[in-house]
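One letter stands for each residue in the lines below.
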Amino acid sequence: QALSRVTEVGGYTETGHAQRVAQLSVAVGREMGLSEDDIKDLKYAALMHDIGQLSLTDPISGGATTLIARDEQRRIAAYGAEVIRQSGMDRVAHIVEQQTEPFRRPGQPFDANIPVASRIIRVANAYDDFAGGSLENVQRMYALGRLREGMAEEYDPTVVGIASRLIEFDKKFKNA
């Protein structure tokens, strides 16, 4: 958890971003029936999903990696995964590395090689990039709309559905 705050302290991400992404990711993972070991890896990966931003000379505005080119997203994720691998957390590193991949490519079936944890983090990160820490219902609904628009290719529809339900109806996410 302490390592996840490095991006906040360095001005690379908004305060609380990693915590919000981890909280939503874990809730979605539990709803999807992931094992406790998988939940633990998901939480660590969600907390450290932006650690690769430390490789940037200049921070991305608001830390919103969802809004940058996919090649740059991949480079940041690969750098973060490399750092995480050095700590011996290979499964967590793999999740972080794969979190930038779309749910499916145009005209292709969904990519089963992308871990479910990576697909969960992709949705939770995008939601927080679009909504931030906003408590405004309009901003939160805008973020959910963007996720729903991306379900054809970018975001796993099952994950978006569960995340949407949690965000719309669970009080802890209305204030997350």
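So, here's what we can say about the structure. (Residues numbered from 1 in each chain as written. Predicted model: local features only at pLDDT ≥ 70, side-chain atom pairs only at ≥ 80, totals over all residues. Heavy atoms only, no water.)

### So, helix H5 (residues 90–98)
- When H5 is considered as a whole, its buried residues turn out to be Val92, Ala93, Ile95 and Val96. Around the axis of H5, the buried residues are gathered within 160° of arc, so they sit on the same side.
- Next to the buried residues of H5 lie helix H3 (36–48), helix H4 (70–85) and helix H6 (116–131). (Buried < 20%, exposed > 50% of the residue type's maximum accessible area, 1.4 Å probe, protein only. Helix = DSSP H or I, 4+ residues; strand = E, 2+ residues; numbered from the N terminus. Arc of directions from axis to C-beta. Contact = heavy atoms within 4.5 Å.)

### Section: the packing of H6 against helix H8 (residues 157–169)
- Running from amino to carboxyl end, H6 crosses H8 at an angle of 45°, the nearest separation of the two axes being 10 Å. Relative to H8, H6 is oriented oblique. Considering the relative orientation of H6 and H8, their crossing is right-handed. For the pair H6 and H8, the contacting residues are Arg119, Ile120, Val123 and Tyr127 in the first and Val159, Val160, Ala163 and Ile167 in the second.
- A per-class count over the contact of H6 with H8 returns seven nonpolar, no polar and one charged. (Axes fitted to C-alpha atoms, helices over the stretch in contact; angles between N-to-C directions. Parallel < 35°, antiparallel > 145°, perpendicular 65-115°, else oblique. Left-handed = near helix turned anticlockwise from the far one by under 90°. Nonpolar A, V, L, I, M, F, W, Y, C, P; charged D, E, K, R; others polar.)

### Concerning the environment of Tyr142
- In this structure, Tyr142 sits in helix H7 (residues 137–149).
- The spatial distance from the C-alpha of Tyr142 to the C-alpha of Ala131 is 7.5 Å, given a sequence separation of 11 residues.

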